[in-house]
Structures are given as structure tokens and as C-alpha cells.
Amino acid sequence: LCRVPLPALTLALLGLAAAAGPRQIPTLELAEELWSAGLPGDLPELEPECRSLLAAFAEGSAALTDCLGRRARPVRLCQGCHGHYRRLLAQYGSIARAVGNSSESHNCAKSILTSDRLQIVVTLSEFFNETWEAANCANCLKNNSEGLSNSTEEFLDLFNKSLTCFEHNLQGQAIDLSPNNYTEVCKNCNETYTKLNDLYNRLQRVNRQGGESEHSAHLCIDVEDAMNITRKLWSRTFNCSLPCSDTVPVIAVSSFILFLPIVFYLSSFLHSKQKKRILILPKRIQSNASLVNIQEKYS
Amino acid sequence: QLTPSSLLRIGQLSNVDLNEDVHELETELPRQRPNEIPHNEKLLSLKYESLDYDNSENQLFLEEERRINHAAFRTVEIKRWVICAMIGILTGLVACFIDIVVENLAGLKYRVVKDNIDKFTAKGGLSFSLLLWATLNASVVMVGSMIVAFIEPVAAGSGIPQIKCYLNGVKIPHVVRLKTLVIKVCGVILSVVGGLAVGKEGPMIHSGSVIAAGISQGRSTSLKRDFKIFEYFRRDTEKRDFVSAGAAAGVSAAFGAPVGGVLFSLEEGASFWNQFLTWRIFFASMISTFTLNSVLSVYHGNAWDLSSPGLINFGRFDSEKMGYTIQEIPIFIFMGVVGGILGALFNALNYWLTMFRIRYIHRPCLQVVEAMLVAAVTATVGFVMIYCSRDCQPIQGSSVAYPLQLFCADGEYNSMATAFFNTPEKSVVNLFHDPPGSYNPMTLGMFTLMYFFLACWTYGLTVSAGVFIPSLLIGAAWGRLFGISLSYLTKGSIWADPGKYALMGAAAQLGGIVRMTLSLTVIMMEATGNVTYGFPIMLVLMTAKIVGDYFVEGLYDMHIQLQSVPFLHWEAPVTSHSLTAREVMSTPVTCLRRIERVGTVVDILSDTSSNHNGFPVVESNPDTTQVAGLRGLILRSQLIVLLKHKVFVERANLNLVQRRLKLKDFRDAYPRFPPIQSIHVSQDERECMIDLSEFMNPSPYTVPQEASLPRVFKLFRALGLRHLVVVDNRNEVVGMVTRKDLARYRLGKEGLEELSLAQT
């Protein structure tokens, strides 16, 4: 009785190792292995079809992980990895749908997805889905998720243009320039930058109007990050956006407004007639002096 | 000081006088020249009268009650439930209306100002943006203040003091009229859109009460429409119960706190209470929050999601960081102390300001100008704070509704602007939930300081607006500041989450200002949706109340006192046992005989110097030497109805075909009985006689002269009386105790104080 779980576990481990590793174990070899582990060969834990599905999923997730990791900084997740993601989705879907040929109750979905406590395949796929959602990639892909949407293409185009412009204008200058000496860049690239900024703002507005729910209020991470980098370069590194500060008029206007209540309260204190209350004498025994009169009069 | 024996003699003497003709006596009394004093808090206004919470159990009433059988009483009970459901639904709908309109109008305003600021930041000329913002605010507030000041002044403020008075038994003129509701709703929308430091939650309580009072009567006197339903409820006793249900429904719609609403009614309002009423009130509250929830969820596009139970939603507090440990309890208590002190400071400042306003700014146009100035200054202060702030936060990943960039780098927003450039409700939620690091300590400190004074300045203006949200906002700001410094001191421990401390600070500040305990604990608990916060919130509120009460009283009580309202607290002042009914009562009393001359009645009623409402009825014995015992009590309103229908003995004798007066005739006149001047009585009719025995209340409550003040008080307060006759041992009327006689004794700083009556 006690021996049963152990071979089963070994079997599962073997199966996983077989699926993930490059070394493919032929079915015949597996049967032998099973035999040596003490199990009858005609009772395999995983059917061959399922095994291949699992292997495909493992490869797909490895590729997607690789892609995501490589494109973490600067963020290019949605542009670079949407193909991988789509494939992985499909692979997961086929696992969930697939039915082994032995019996209805013994299909691949059941044996791969739900037969142990860890459920690693489900966890992995959930992780990828959540990442994709958080990155909001659906926002810059076409509706059928094949390729980038037109607006995103346009945005990235402009983005590349402005980066090129920055590079161009910086090339001529010496490396050891002082931090304030970026006027050339500011002047020459202003047009592209403004265009880019406007486009971004427009995309954001459209997005906000379209989507009601919480997370779709953001654009996809690629666009956001690209804009962020550019803005940081522009206003932090190059120090180009110098808003004109008109402190003197602001101080003048605000002190005028702040001065008004003082005038108001002073004038109402001095000119308004103070409200007076007329006291009413209560009719009471001890406080009513006139009672004494009554008493005298009638006694 | 008179000796008891002489007092007794005077009592008898004045009693004899009464039987002859009190009027001549009264006119003969040497009247002093009117004594004028500036307004102060030790006055009782003559303007306020009591409500008749005690049924006048006259013959008509008894006959009607006897006619109603068991089944009919059941119908009445069902009607009560139907009315409560309607109160809940309508209150919820009004709350929805306010919320949606405020959201849209405020959104429009902030978008316009934001676009303008963005435009001028690049080009220069930000002073124009400032002017635009200030003018927009001032003009919106001007409209809001004008409708209040010129059309219905009772709609000013949060309305909670007024409702508290109403439920205590004081008749505040116009407080539950339809016109007041309309002005209140419009006023609140305009003052929130106008950017004042106010909230829309307090006025919901008043709105709910007006709705309740209106529906339960089945008619509107303002619209002159009578739907001929719910006629049974046309009296003060029934109306009061519905008004407490309306107040509860209002709280429940405002905070999404049905239980808190019931407890609010219990704590602040209803002086009279029973279990069935509680259950009905709870029903009305639940209906109200459910209505609001479903309508708003449909409006927000996710129907049947039911995610916005109240006007303000504190958001969810269930993440791991938001939990608290036992070691933090002393810190929370300390925050309660701070909240109590700040709340007392707020109230003290507001006290002086309100006193100044009552004395000097009493003309409506001045009040409107003041409100406009406050609106303009609020905008200016906000603008200057935003202008001077250098606290920039990255725009990404934040949920700012109107991010103002101003002098920040591209892709960043001004953090001060999230606090000032937003409706106060949103700012509160931001302070609770923004991740740590969203605000500079400097920003929070400046914001707390400025907002404290602005909110204090704003409360008491002639606009309809509440103080709940500003208090929460001030508290949340300093609470968050406290949390940040705490995590700085402890080198960034995980438990020092600023959002949690913002919540505790908000509770402490609100508790320190309004001094509510039980209901506020439950409201905060329900608004956060986290029951485990009950304990720390309770501790915080308790501490805040204890500390605050040491300095000054709560804001609502203070305003009730400043309005010179004769408000009766739960108990008589503790040191008042030495006073007896004889010293408390008013005497001599204007009495009527059981069969009285019409002329006398008309004269008594039209006498402007004694605006009495209840008259003891004594035996109509022509022989004055004999004792005339008390037979009953009749009200002014009843007399007026009698005169109007000319129920005279002679007419009955003449066999004129006359319908017998029914209780319905009295109900139809309720609650606005015509003044005596509008009733014409011819010279011949003055000589007629009127028989009061059928209409008077034959069993009025009486006390002997020796009863102590606490005993009289208890009787008066517990039964909701309006008149309490003081009799001697021969059942002769000696004096009369009314609300103002009892309310004038108050426990002041130097023991028992006596307030004086004044005409206001």
C-alpha cells in the first residue's frame, strides 16, 4: 500500500524531466523504465499526446520568459513578445481542451493541470497572463493581437525619430559639455518632441474615453515607458522645458484677493449695526418684582 | 428671598386673580423699557416653540381611536412600513442626484481650469489662471449662497443641528419644508462645485429628514397638493418618528452605513425611542443605501455590481499592511489626544467667528459677499500652495484625476495639486490609499495648516454644506504626516503604513470636532468595510471626545447654543436639585374657563405680548370665591380651529344645521395653523360662548409645586411634553412649566447658570 505513491511520484518527475529536457525518451524506453520502477508497462501515467503537449508548453514558456527578460529594460515587451505570448496561449488552450484516447476521465487536461497539488502549468500560465494584463499590452496591439496597432506604430515611429534627433544634435558636441549646454538639442528637436508629446496625450485621452474599467486607463507599457524616457531626457537631462514663472503678477493678484476679506470684515465691523437682542422679562415668582405690587394691591 | 409661606400665599392670590381677568392684570404690570443687549450664547430665543409630542387626548381623539378596529391598526402599521421604504428610496435618489451633478460640474470646472493652467504655464501669465479659478469659484458660490440667504436661510449649514433640535422637540420654523429641501440640494451642489472646503454628506441628513416629513404627511403645503393619503400621521408625534427614519436614511446614503445611520438617529436625534421604530428605521436605512448603490452602479456602467454604497467611499482597507498590532494601540490613543485638541481649537475658533457673524454679518447681502470672498480665497490659497510646491511625483501608476504639471518636469505632476485641485471627497480617499511616498511631509504639513483654517472659516457661512468631509480631510492629512514621520523614526518598518494612520487621524479629527461616539465609530467602520478597525477607531474617538470636552463642547451643540435654541439634554443639570417647580414655573398663568366668552378667547389669542400656546382650562364657576380646579388643557391651534369653524354654544342652540367638528378638521389645518389675525369674529359673535370641554385635553400632566427640577425635567423630557401645569393641593393652577423654563438652566463654568429670554 505504501509503495504506490512513491513510484507514481518518480513517474511524474520522470515525465516532467522528459518533457522539459532536450532528451526525448521514446515510448519503448519509457515502458522499460516503468518496468524497472515496479509498475506495469501498459499503464503509463501520461499518454504520449499529452506528453508532447506538455513539452510544447514548456518550450513556449521558456521562450516567452527569455523574451520578457531580455526586453525588460528599455521596455519592449509588447512589441517583441506578443508572438510568443500568443503561441503560449494556444498551447495552453490545446492542453486544456485535449482529450486522451484511453478514456474520458483520463484526459490530458486532467492529468496535466489538476492531478497534483502544485499545478505548475496552471501557475505558469496564470503568471504570464497577469504580466500581460499588467503591462496592458492589449492596448497597443491590433484587435486580433496580431501585430501592433496603427497608432502604436505611429507613436514608435515618432519616438525613434526624436531619439535620432537627440543623437544627431548631441554628436557634434564634445563629451565633457556642461549640463546646461543643451540648447542646440532643445531648439532643433522641439518640433518632434512636441509632436510626440501631443500624440501621446491624444492616445491617452482616446483610451480614457473608450475604456471604463480601471486597468485599461493606462496605455501599454511600451508606449508609456518610451514616453517616460523621452520626457526624462527632455526635461531632466537636457533641461529643455523651462516654464516661464511669473511670480510677481501671481503674488500681486493673490495678495489682492487675500486682502479683500480683511477689508470686508473690518468694514462690516465698523459700519454694520450690531444686532441687539431685546430681553424679555420672564413671569416668575422670585424674579418678578411686580408680584409684590400684586400682593399689595389685593391684600 | 421669599419664605415658603409667603410664596404659597402669592400662589393663591395669583390664582384668584386668574379667575377674574388675567388680562387687565397683565397690562397693569409695570413694563420695563426693553432691555437691549448684544447677542451672546446665554440667551433663549422666543422664536422657537415646542412640538406637541404628547397627543391631546380629548373626546374627539378617543372617539376616533375607539372607532379604529384591530384590522385598521394593522393597515396603519403597514402604511408605516411603506412610508419608510419610500423615504429610503427617495433619499437614495436625492443622494444619487447630488453625487452625479457634483461629479459632472466639478469635473467640468477642473478641466477648464486645468487646461487654462496648462496653457499659461508654457506661455506665462499664470495670474490669469488664478483669476479664472477664483472667479469661477466665487460666482458659483454666489449663486449657492444667494438662494440660501434670500430664499431659505434655514437651509444654511449642515442641517444636523437643526434636525437634532427638531427631534429634541423644538419647532424650527421651515426646517422640514419642501422648499428647504430644494434649496438644500441645489445649495450643496453649488458649494461643493464652488470649491469650498465643505462636504455633501451632512446635508444629506437634513434632506432625508425633509423627505421623511413630507412623505409621511401625504401632501405638500408648499405645492398646495393634498394626496389624501396618510392622514393618520398628520401630527407631531408620528412625524417625529418618520423624521428620525429620514435622518438615518440620510446618513446611510451619505456614508453607505445603514447601521451607523440608525445609531446616528439614536445618538444625535431621536429623544424618544422604541424597538419597533428602530427596526423600521433600519429598514429605511438599508433601502436608502441599496437604492443609491444600485442607481450609481448603473450610472457607472457596471450595473448590479453594487460597489458604491455611499456618497463617500473610503475604499478597501484589507491589505496586509493595513492591519494593526496591539503595540500600535498607544499610538492611536495619542492620535486621539491630538485630534481632541485640534478639534477643540477648531470649535473655539469657529465659536468666535460665528459670534461675530451673528452680531455683524446678519444682512443677507453681506452674507453672500462673505461666502464669495471665502470661495475666492480658498481658490487663491490652493493656487498659491500649488504654485509654491516643488513636490513632484511621477504621473505613471498614479490615479490622479486632474494631474497638474505646472513647474514639474514632463510626465510628473504636482503633488500638492492632488490635495487642493480636487473635490474634498476624492482628496480624502487619495490620502487614505495613495502608496507611501506620494506626498512630501512638507506638502502635507502645509496642506493641513491651510485646510484647517479654511474649513474653520467656511463652517457657518450662509451656504448649505457639511463639516464631515473637511474634518476627515484635515485629519487624514495630519494622520498621514504622522504615519510618515513614524515610519521615518522606525527606519521604515512594515507596519507603519501612512494610509492606516491617515484613517485614524481622520477619525480623531472628526471625533474632536463633532464629538459623536457610538454612531461615528460604526459609520467609520462601515465606510472602511473593516470590522477589525472598530476597536482602534472606538479608542481614538473616545480619547478625542474626552480631551475635546475638557476644553469646549462639540460643534453642533455649540451652534445650537449660539442660535439660542431651548434644547433639552438627556438629564437636568447635576446641581439643580435645590430648585423646585415653584421656582422654575412661569406664573401667573393665563387660564380659560370651560365655557368661555368668545371675545375673551380672541383677546387672549391676539395679545402679542404673551404668545402662549397652551391654556389650562378651569371650571367655569361664576362665583369667584370658590375654588376653580384644573379641568384640562387646550392648545392655541385647537382654539383657532374652533374659532374658524365658529363652534359656539349659541349657534348650536339655535339649531343651525352644523356639522360636528371632527379630528380631521384639526388635522387638515396641521402643521400651519392660520394666525389669529386672519380669523374674523364679528362683534355679535364676541358675545357668544364657546364650550371647550369636548376639545380640551382632560388629562394633562401636572406636578405639585414641591417637585424638584430634575423630577420635572425627567417627566418633561421622557414624555416629550410641551406644557406641564403646576398645581397646588386643591388642584388649582399655580404655574406652567414649558420648555424654555427648563432649558434656561445650564451647567456653566461656574456652576448652574440661568439663561435669559430674548426676542430674536
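Residues numbered from 1 in each chain as written. Chains lettered and ligands numbered in written order. Predicted model: local features only at pLDDT ≥ 70, side-chain atom pairs only at ≥ 80, totals over all residues. Heavy atoms only, no water.

Undergrad: Could you give an account of the overall build of chain A, with specific residues and numbers?
TA: Counting secondary structure elements, chain A contains 11 helices and one strand. Taken from N to C terminus, the helices and strands of chain A fall in the order α-α-α-α-α-α-α-α-α-α-β-α. By residue count, 36% of the 299 residues in chain A fall in the buried class. Summing over all exposed atoms, chain A offers an accessible surface of approximately 18,300 Å²; the carbon and sulfur share of this is 59%. (Helix = DSSP H or I, 4+ residues; strand = E, 2+ residues; numbered from the N terminus. Buried < 20%, exposed > 50% of the residue type's maximum accessible area, 1.4 Å probe, protein only. Areas by Shrake-Rupley, 256 points an atom, 1.4 Å probe, with all protein chains shown as cover.)

Undergrad: An account of the sheet that holds strand E9 (residues 592–593) of chain B is requested, with residue identities and associated values reported.
TA: Residues and elements named next belong to chain B. Spatially, the three strands line up as an open sheet ordered E9-E11-E12, and their pairing is mixed. Both edges of this open sheet fall to E9 and strand E12 (630–635), since each of them pairs with a single strand only. Bridge analysis of E9 against strand E11 (residues 614–618) gives two bridges, and the strand direction is parallel. Considered in E11, the bridge of leucine 592 is made with valine 617. On top of the sheet, helix H23 (residues 636–644) reaches E9, E11 and E12; it is set at about 75° to E12, its chief contact. (Pairing = 2+ DSSP bridges. Contact = heavy atoms within 4.5 Å. Axes fitted to C-alpha atoms, helices over the stretch in contact; angles between N-to-C directions.)

Undergrad: So, empty space enclosed by the protein: which residues are in play, and what are the values?
TA: All names here are of chain B. What the rule picks out here adds up to eight cavities of 30 Å³ or more. For the largest cavity, the lining is made up of 14 residues, of which Asp54, Leu633, Leu635, Asn697 and His723 are closest to its centre. For the lining of the largest cavity, a count of residues per class yields six nonpolar, five polar and three charged. Of the voids in this model, the second largest cavity is the one considered here, and its volume is about 130 Å³. Together, 16 residues line the second largest cavity, and Tyr110, Gly195, Thr378, Phe420 and Asn422 are the ones closest to its centre. Residue assignment for the lining of the second largest cavity shows that the elements contributing at least two residues are helix H3 (70–123), helix H4 (126–151), helix H12 (364–388), helix H13 (415–420) and helix H14 (424–433). Among the elements that take part in the lining of the second largest cavity, H12 stands out by supplying three residues, more than any other. Looking at side-chain class alone, the lining of the second largest cavity contains nine nonpolar, six polar and one charged residues. (1 Å grid on protein atoms, 1.4 Å probe; cavity = no way out; pocket = protein on both sides within 12 Å on 5 of 7 lines; lining within 4 Å. Points joined across faces, edges and corners; volume = space filled by probe spheres on them. Nonpolar A, V, L, I, M, F, W, Y, C, P; charged D, E, K, R; others polar.)

Undergrad: Tell me about the UniProt feature "transmembrane region" (unreviewed entry) in chain A, and name the residues and values.
TA: According to UniProt, the "transmembrane region" (unreviewed entry) feature falls on residues 248–270 of chain A. For the annotated span residues 248–270 of chain A, helix accounts for 100% and strand for 0% of the residues, and the straight-line distance between the end C-alpha atoms is 33 Å. (UniProt positions renumbered as here; feature names shortened; annotations may be inferred.)

Undergrad: Give me the state of the cysteines: which residues, what numbers.
TA: Residue and element names in this part refer to chain A. On inspection of all chains with the given rule, the structure shows one disulfide over all chains. In this model, cysteine 67 is linked to cysteine 81 through a disulfide, with the two sulfur atoms separated by 2.0 Å. Taking the sign of the S-S torsion, -90° for the link of cysteine 67 and cysteine 81, the bridge is left-handed. Taken together, the positions of cysteine 67 in helix H3 (residues 48–70) and cysteine 81 in helix H4 (residues 77–97) put the pair 14 residues apart, joining distant regions of the chain. Using a relative accessible area of 6% as the deciding quantity, one classes cysteine 67 as buried. According to the relative accessible area criterion, cysteine 81 is buried, its value standing at 0%. (Disulfide = S-S within 2.5 Å.)

Undergrad: Can you tell me about the UniProt feature "domain: CBS" (unreviewed entry) in chain B, naming the residues and giving the values?
TA: Mapped onto this numbering, the UniProt entry gives "domain: CBS" (unreviewed entry) at residues 696–754 of chain B. Helix makes up 27% of residues 696–754 of chain B and strand 37%, and the two end C-alpha atoms of the span are 33 Å apart.

Undergrad: Any details on the confidence of the model for chain B? Residues and values, ideally.
TA: Residues and elements named next belong to chain B. Residues of chain B with pLDDT of at least 70 account for 91%, and the chain-wide mean is 84. For the stretch residues 1–32, pLDDT sits under 50, and the model shows 47 contacts to residues farther than four places along the chain or on other chains. In the model output, the complex is listed with pTM 0.82 alongside ipTM 0.82. (pLDDT = per-residue confidence, 0-100.)

Undergrad: Break down the nonpolar core for me, citing the residues and quoting the values.
TA: The biggest cluster of nonpolar side chains holds 176 residues, and the ones touching the most others in it are Phe314, Phe346, Ile386, Phe420, Phe421 and Phe432 of chain B. Considering each element in turn, this core owes the most residues, 15 residues, to H3 of chain B. Residues within four places of phenylalanine 432 of chain B in sequence aside, it is in contact with Phe314, Phe317, Met322, Ala476, Arg480, Gly499, Ala502, Leu503 and Ala506 of chain B. Core analysis: the second largest hydrophobic core is formed by 39 residues, Leu68, Val75, Cys137 and Val223 of chain A among them. (Core = buried A, V, L, I, M, F, W, Y, C linked by side-chain atoms within 4.5 Å.)

Undergrad: So what about the side chain of aspartate 728 of chain B? Which residues, and what values?
TA: Residues and elements named next belong to chain B. With respect to the helices, strands and loops of the structure, aspartate 728 is situated in the loop between strand E15 (723–727) and strand E16 (733–738). Arginine 730 provides the closest opposite charge to the buried, unpaired aspartate 728, separated from it by 4.2 Å. Engagement of the side chain of aspartate 728 in a polar contact is seen with the backbone nitrogen of arginine 730, the distance being 3.0 Å. A polar contact is formed between the side chain of aspartate 728 and the backbone nitrogen of glutamate 732, at a distance of 3.0 Å. Those residues in contact with aspartate 728 that sit more than four places away from it in its chain are Gln705 and Val734. (Lys, Arg positive; Asp, Glu negative; His and termini not counted. Salt bridge = Lys/Arg side-chain N within 4 Å of Asp/Glu carboxyl O. Polar contact = N/O pair within 3.5 Å; in protein donor to acceptor, adjacent residues only side chain to side chain.)

Undergrad: Describe the pairing of strand E17 (residues 745–748) of chain B, with residues and values.
TA: Residues and elements named next belong to chain B. Inspection of the sheet shows E17 paired to strand E18 (residues 751–754) by four bridges, in the antiparallel sense. Counterpart to arginine 746 in the pairing with E18 is glutamate 753. Hairpin geometry of E17 and E18 is characterised by an intervening segment of two residues between the two adjacent antiparallel strands.

Undergrad: Outline the packing of H3 of chain B against helix H7 (residues 202–217) of chain B, listing residues and values.
TA: Residues and elements named next belong to chain B. Where H3 meets H7, the axes come as close as 9 Å, and the angle between the chain directions of the two elements is 140°. In terms of axis orientation, H3 runs oblique to H7. The handedness of the crossing between H3 and H7 comes out as right-handed. Seen from H3, the contacting residues are Ile83, Met86, Ile87, Leu90, Thr91, Val94, Ala95 and Ile98; seen from H7, they are Met204, Ser207, Gly208, Ile211, Ala212, Ile215 and Ser216. (Parallel < 35°, antiparallel > 145°, perpendicular 65-115°, else oblique. Left-handed = near helix turned anticlockwise from the far one by under 90°.)

Undergrad: Talk me through the sheet that holds E15 of chain B; I want residue IDs and the actual numbers.
TA: Sheets are built from strands paired through backbone hydrogen bonds, the pairs being either parallel or antiparallel. All names here are of chain B. An order of E14-E15-E16 is seen for the three strands of this open sheet, with the pairing classed as mixed. Two strands in the sheet have a free side with no partner beyond their single neighbour: strand E14 (702–704) and E16. Put simply, the sheet's adjacent strands are angled 30° from each other on average, direction ignored. The sheet contact formed by E15 and E16 spans five bridges and is antiparallel. Of the residues in E16, the one forming a bridge with leucine 724 is valine 737. Relative to E15, helix H27 (residues 709–719) is tilted by about 145°, and along the sheet it contacts E14, E15 and E16.

Undergrad: Please provide a residue-by-residue account of a nonpolar patch on the surface, values included.
TA: On the surface, a cluster of nonpolar side chains totalling about 590 Å² of accessible area is made up of Phe259, Ile262, Val263, Leu266, Phe269 and Leu270 of chain A. Tracing the backbone shows phenylalanine 259 of chain A in helix H10 (residues 247–271). (Patch = residues over 30% accessible without salt bridge, like charges linked within 9 Å, V, L, I, M, F, W, Y side chains within 5 Å.)

Undergrad: I'd like a description of the packing of helix H15 (residues 441–458) of chain B against helix H16 (residues 468–489) of chain B, backed by residues and values.
TA: Residues and elements named next belong to chain B. Running from N to C, H15 and H16 cross one another at 155°; their axes reach a closest spacing of 9 Å. Classified by the angle their axes make, H15 and H16 are roughly antiparallel. In this structure, H15 meets H16 at a crossing whose hand is left-handed. On the side of H15, the interface is formed by Pro441, Leu444, Gly445, Phe447, Thr448, Tyr451, Phe452 and Ala455, while H16 contributes Pro470, Leu473, Ile474, Ala477, Trp478, Arg480, Leu481 and Ile484. The residue makeup of the contact of H15 with H16, split by class, is 13 nonpolar, two polar and one charged.

Undergrad: So, unusual backbone geometry: which residues are in play, and what are the values?
TA: Residues and elements named next belong to chain B. Residue proline 588 is bonded to the preceding threonine 587 through a cis peptide linkage, with omega at 0°. Looking at the element boundaries, proline 588 is found in the loop between helix H21 (581–584) and E9. Positive phi values are uncommon outside glycine, yet phenylalanine 230 reaches one of about 55°. Note that phenylalanine 230 resides in the loop between strand E6 (225–226) and helix H8 (236–255). For phenylalanine 230, a relative accessible area of 9% translates into the label buried. Positive phi outside glycine occurs at asparagine 731, with the angle close to 60°. Mapped onto the elements of the fold, asparagine 731 is located in the loop between E15 and E16.

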